[in-house]
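# Secondary and tertiary structure notes
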Amino acid sequence: MNKYLYLFRYDKHHTFLKFFKSFFLLILVVLPKDIIFSNQKIEGEKVEFLSANPFSFFHIITNLENQESQNAYGILRFPKSRIKNKYPLILGVNGSKNWADHHLEYMEMYREMGFATFEIQSFNSRNVNSTVGDQTSVTTAMMILDSYKALEVLGKDKRIDIDKVAITGWSLGGGVALFSAWDPLIASIGVKERFKAHLAFYPPCLVKMDLIEFSKVPIHILIGEKDDWVTASACEDLVRDLSGNSVDIGITVYANAHHGFDRKGLPVKEENGYATGNCHFKMRSDGALLMNFLDIPMITPFRQKVALGWCADRGTTIGGNPEAREKSFDFARNFMLRHLLQDFLQ
């Protein structure tokens, strides 16, 4: 019984390897800081896998085998110039509005750095365009399961260095990037492949966890000071709790930045968005979130809507901050280099 129910060659010509390392470092140094990308589309490969539809973490941990199955897919892309036998990979997870231009800009940047990328298509697999103001048709739990099922399939691809795969995501996908490192979920999903690093952009941090057991890999949160979808203070509290329990986690808060600070364009109002500043939920070791009143488990869509209706306001702000955008692209570039390519660069 799952204990959590109660509690990632070049050996032929050495001189070529030295040249390639120097060339690779040179490319990284001269990569434009203002984040200009080619408009050329990189051909992708559709990778299909079998997943399921668990509504919550509770359903993954306690009853995954009985969840409705779901055919899902993602898009695998490689750098334009294929010069390696195996590629480190970055798996990206979209936010509540599905895949957006700024998400794809990060993925293109990573390919220009030499990474393969995988765009998980949890929304399109379920014929959902957006979960703004809903958050029940595609959930964090479903997307975490999708990510590990995709990782399992990617592990069979000889072009991928499966020991060097990171996960990153934005907003809803930021929650996926963050909580996919929680050991009870990993153990319950039962996939042997693991992510080597987790980079979460403005994730929902509104939990107080009974059980703090996370993968011993680097985790980092990037969030805006003025985020009113998911507050910076909630993420700072969560990071404090986790780091106090020996979790390798850090946080960067960008001044005067709103939710989606890495987008282009000025901040705008999103009338249907949940402002969760007053929401803070206890999370049991079995993954159940408890309402702020009577500790009722939020394990159905109806209960979740009731809980959010009780503590959350409607009307949020989303949009770019040029300074924070530039800094976040720089941070993401260096984070992936440090944690996926460190051996290569030494």
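Refer to the structure printed above.
Here is a short report on the structure shown in this document. (Residues numbered from 1 in each chain as written. Predicted model: local features only at pLDDT ≥ 70, side-chain atom pairs only at ≥ 80, totals over all residues. Heavy atoms only, no water.)

Attention shifts here to the sheet that holds strand E12 (residues 289-290). With mixed pairing, the three strands of this open sheet are ordered in space as E7-E11-E12. The open sheet is flanked by strand E7 (207-209) and E12, the only strands paired with a single partner. As paired elements, strand E11 (residues 281-283) and E12 share two bridges and run antiparallel to each other. Along E12, the bridge assignment pairs Met283 with Leu289. (Pairing = 2+ DSSP bridges. Helix = DSSP H or I, 4+ residues; strand = E, 2+ residues; numbered from the N terminus.)

In total, this model carries 15 aromatic pairs according to the counting rule given. Look at Phe331 and Phe335: their rings are 6.0 Å apart centre to centre, the planes differ by 20°, and that puts the pair in the stacked class. Of the two residues, Phe331 and Phe335 are both situated in helix H10 (residues 322-340); the distance of four residues between them amounts to about one turn of the helix. According to the relative accessible area criterion, Phe335 is buried, its value standing at 2%. One aromatic cluster in this structure is built from Trp99, Tyr106, Trp170, Phe201, Tyr202, Tyr254, Phe261 and Phe329. (Phe/Tyr/Trp six-rings, centres within 6.5 Å; stacked < 30°, edge-to-face > 60°. Buried < 20%, exposed > 50% of the residue type's maximum accessible area, 1.4 Å probe, protein only.)

Looking now at the pattern of salt bridges. Under the defined criterion, the tally for this structure stands at 13 salt bridges. Residues Asp146 and Arg126 are paired through a salt bridge, measuring 2.8 Å at the closest nitrogen-oxygen approach. Highlighted residues: Asp146 in helix H5 (residues 140-154) and Arg126 in the loop between helix H4 (122-125) and H5, separated in sequence by 20 residues. The shortest N-O distance in the salt bridge between Arg284 and Asp286 comes to 2.8 Å. We classify Arg284 as partly exposed; its relative accessible area is 26%. One network of salt bridges, in which partners are shared, links Glu45, Asp157 and Arg159. (Salt bridge = Lys/Arg side-chain N within 4 Å of Asp/Glu carboxyl O.)

Geometry only, nothing functional implied.
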